[in-house]
Amino acid sequence: EVQLVESGGGLVQPGGSLRLSCAASGFTFSDHYMDWVRQAPGKGLEWVGSTRNRANSYTTEYAASVKGRFTISRDDSKNSLYLQMNSLKTEDTAVYYCARTSGRYYYAMDVWGQGTTVTVSS
Amino acid sequence: QSVLTQPPSVSGAPGQRVTISCTGSSSSIGAGYDVHWYQQLPGAAPKLLIYGNINRPSGVPDRFSGSKSGTSASLAITGLQAEDEADYYCQSYDSSLSGVFGGGTKLTVL
């Protein structure tokens, strides 16, 4: 079964750091681009950033709202995706989803995790 | 404010047809980037509904269809059913290769 499972969410103070993980299974993780998407309480989806695969030099892209504070990385040997979040702000409070991007589906996000909740509050 | 503009809400009675628009710009949809649509049921993760403007993944009923023209795209749902009540999001890319989502549209089945 193709699956993504996020972990690492929790409560953190403003200015703090948190590292989210996303464990992939059931597919060849190293072949795929991967994305992070977040959803603030009662709000819509916001693209956070993405990482390409090895064939595309693991290039990363970030939303302007997180650039310079968040870092996406991956470990293909562990089938895992990571989101390092530094200098957290209250507006980073959200459910964070990892998603698989599939070339087969014109680079749409065809598999999503269940999400992990990050709360930034003092 | 989202890069892609969607109506906040639409509604329709069972059996009816509804459409949801997604308006971008010359640097997003109009630049030739594909549009994808996602359905998010209450309390659930998003699910891919339409990819590459007009294509349905396996398992998505043919009641759902997508189109794209110029700087806009649309999602149409025919034969509306109670289980279609959800939030719908369009997604594309911009010229900096950043992903962009619409603000989402809440579909209410009357």
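Residues numbered from 1 in each chain as written. Chains lettered and ligands numbered in written order. Predicted model: local features only at pLDDT ≥ 70, side-chain atom pairs only at ≥ 80, totals over all residues. Heavy atoms only, no water.

> Just checking my understanding: could you explain the sheet that holds strand E3 (residues 18-25) of chain A for this structure?
All names here are of chain A. Across the sheet, which stays open at both edges, the 4 strands sit in the order E1-E3-E8-E7 with antiparallel pairing between neighbours. Only two strands of the sheet have a single partner each, and these edge strands are strand E1 (3-7) and strand E7 (70-75). Across the sheet, the mean angle from the axis of one strand to that of its neighbour is 15 degrees, orientation sign disregarded. Bridge count between E1 and E3: 5 bridges; the pairing is antiparallel. From the neighbouring strand, Ser-7 faces E3, where its bridge partner is Ser-21. (Pairing = 2+ DSSP bridges. Helix = DSSP H or I, 4+ residues; strand = E, 2+ residues; numbered from the N terminus. Axes fitted to C-alpha atoms, helices over the stretch in contact; angles between N-to-C directions.)

> Before we go on, may I ask you to explain the sheet that holds strand E6 (residues 72-77) of chain B in this structure?
Each strand in a sheet pairs with another by means of backbone hydrogen bonds, the pair being arranged parallel or else antiparallel. All names here are of chain B. One open sheet holds the 3 strands; their spatial order is E2-E6-E5, and the pairing between them is antiparallel. Each of the sheet's edge strands pairs with one partner strand only, and the pair in question is strand E2 (18-23) and strand E5 (64-69). The sheet shows a mean angle of 20 degrees between the axes of neighbouring strands, direction not considered.

> So what exactly am I meant to see when it comes to the nonpolar core here?
Nonpolar side chains in soluble globular proteins tend to be buried together. Membership of the largest hydrophobic core comes to 40 residues, with the highest contact counts inside it found for Trp36(A), Leu83(A), Met85(A), Tyr96(A), Trp112(A) and Phe101(B). Residue assignment for this core shows that the elements contributing at least two residues are E3, strand E4 (33-39), strand E5 (45-51), E7, strand E8 (80-85), strand E9 (94-102), strand E10 (108-112) and strand E11 (116-120) of chain A. Looking at this core, the element that brings in the most residues is E9(A), giving 5 residues. Contacts of Met85(A), omitting those with residues within four sequence positions, involve Gly16(A), Ser17(A), Leu18(A), Leu20(A), Arg69(A), Phe70(A), Tyr96(A) and Val118(A). (Core = buried A, V, L, I, M, F, W, Y, C linked by side-chain atoms within 4.5 Å. Buried < 20%, exposed > 50% of the residue type's maximum accessible area, 1.4 Å probe, protein only. Contact = heavy atoms within 4.5 Å.)

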